[in-house]
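# Geometric and topological summary
Chain by chain, the residues run as shown.
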Amino acid sequence: MKAAIFDMDGTLLDSMGMWNHALTDYLTSKGIKTISDEIKGRLATITFSDASVLISEQLVTDKTADEVYREIEAFVFEQYRTVIELKPYVRDYLIQLQQKGVHMCVATLTNRPMVEAVL
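Residues numbered from 1 in each chain as written. Predicted model: local features only at pLDDT ≥ 70, side-chain atom pairs only at ≥ 80, totals over all residues. Heavy atoms only, no water.

## Some words on the pattern of salt bridges
For the structure on display, the rule yields four salt bridges. The residue K63 makes a salt bridge to E71 at a minimum N-O spacing of 3.2 Å. Classification of E71 by relative accessible area gives partly exposed; the value is 22%. Residue E78 is joined to R81 by a salt bridge in which the shortest nitrogen-to-oxygen separation is 2.9 Å. With E78 and R81 both in helix α4 (residues 65-82), this residue pair falls three residues apart, about one helical turn. Judged by its relative accessible area of 31%, E78 falls in the partly exposed class. On the basis of relative accessible area, R81 is assigned to the partly exposed category, the value being 48%. Overlapping salt bridges, with partners in common, bring together K30, K63 and E71 in one network. (Salt bridge = Lys/Arg side-chain N within 4 Å of Asp/Glu carboxyl O. Buried < 20%, exposed > 50% of the residue type's maximum accessible area, 1.4 Å probe, protein only. Helix = DSSP H or I, 4+ residues; strand = E, 2+ residues; numbered from the N terminus.)

Shown next as C-alpha cells:
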C-alpha cells in the first residue's frame, strides 16, 4: 500500500454521537430542556446554518441567527477539543502505516481548526 485516505468522523473518530446530538446538547446548555417533536424533527434534517435561524426565531429569541451559529460552532469545537476521541486501535494502525512509509490524508467536511484540535 502506498497511500491511504481516511474519513474522519465516524471512521477515525468516535464523533457521530456528538453530531447526532449537537443541536439538542447546545440547547440544553442554554437551559432549554424541552423541545417540541416538530422542532426536533426539523432540526434533524437541516443544516446548522438553517438550524441557527430556527433556533433564534423559536427558542433562543434573544440572539440573532449569526450569534446562535457562532455559539453552536464554539460548542462543537469544544467537543472536538476536549471530548471526542480516536476510535479504538486507530492510533496504533496509523503508527503502523507511518512506519511502513504509507502516505496518509484525512477527508472531511469538518472545519480545519476542529480537525487540528482533535487530531
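## Focus on the nonpolar core
Membership of the largest hydrophobic core comes to 24 residues, with the highest contact counts inside it found for Y26, L27, L43, I55, I72, V76 and Y80. Within the residue set of this core, elements represented by two or more residues are α1 (16-29), α2 (37-43), α3 (48-58), α4 and α6 (112-118). Excluding its chain neighbours within four sequence positions, the residues that come into contact with V76 are M18, W19, A22, F48 and M114. Judged by nonpolar contacts, the second largest core, of six residues, contains A4, F6, L12 and V90. (Core = buried A, V, L, I, M, F, W, Y, C linked by side-chain atoms within 4.5 Å. Contact = heavy atoms within 4.5 Å.)

## Focus: the packing of aromatic side chains
Evaluated as defined, the whole model comprises three aromatic pairs. Both rings, one in F6 and one in Y93, keep their centres 6.3 Å apart while their planes meet at 90°; by these two values the pair is edge-to-face. With F6 in strand β1 (residues 3-7) and Y93 in helix α5 (residues 90-99), the pair connects residues that are 87 residues apart, well separated along the chain. A network of ring pairs unites the aromatic residues W19, F48 and Y80 as a single cluster. (Phe/Tyr/Trp six-rings, centres within 6.5 Å; stacked < 30°, edge-to-face > 60°.)

## Considering the environment of K87
Summarising the element assignment, K87 is placed in the loop between α4 and α5. With relative accessibility at 31%, the residue K87 sits in the partly exposed group. Taking C-alpha positions, K87 is 5.8 Å from L12, a pair spaced 75 residues apart along the chain. In this structure K87 touches G10, T11, L12, L13 and D14, once residues within four positions along its chain are discounted.

## What about the environment of L43?
Checked against the element boundaries, L43 lands in helix α2. For the pair formed by L43 and L23, sequence separation is 20 residues and the distance between their alpha carbons is 7.5 Å. When near neighbours in sequence (up to four residues on either side) are disregarded, L43 contacts L23, L27, A51, L54 and I55.

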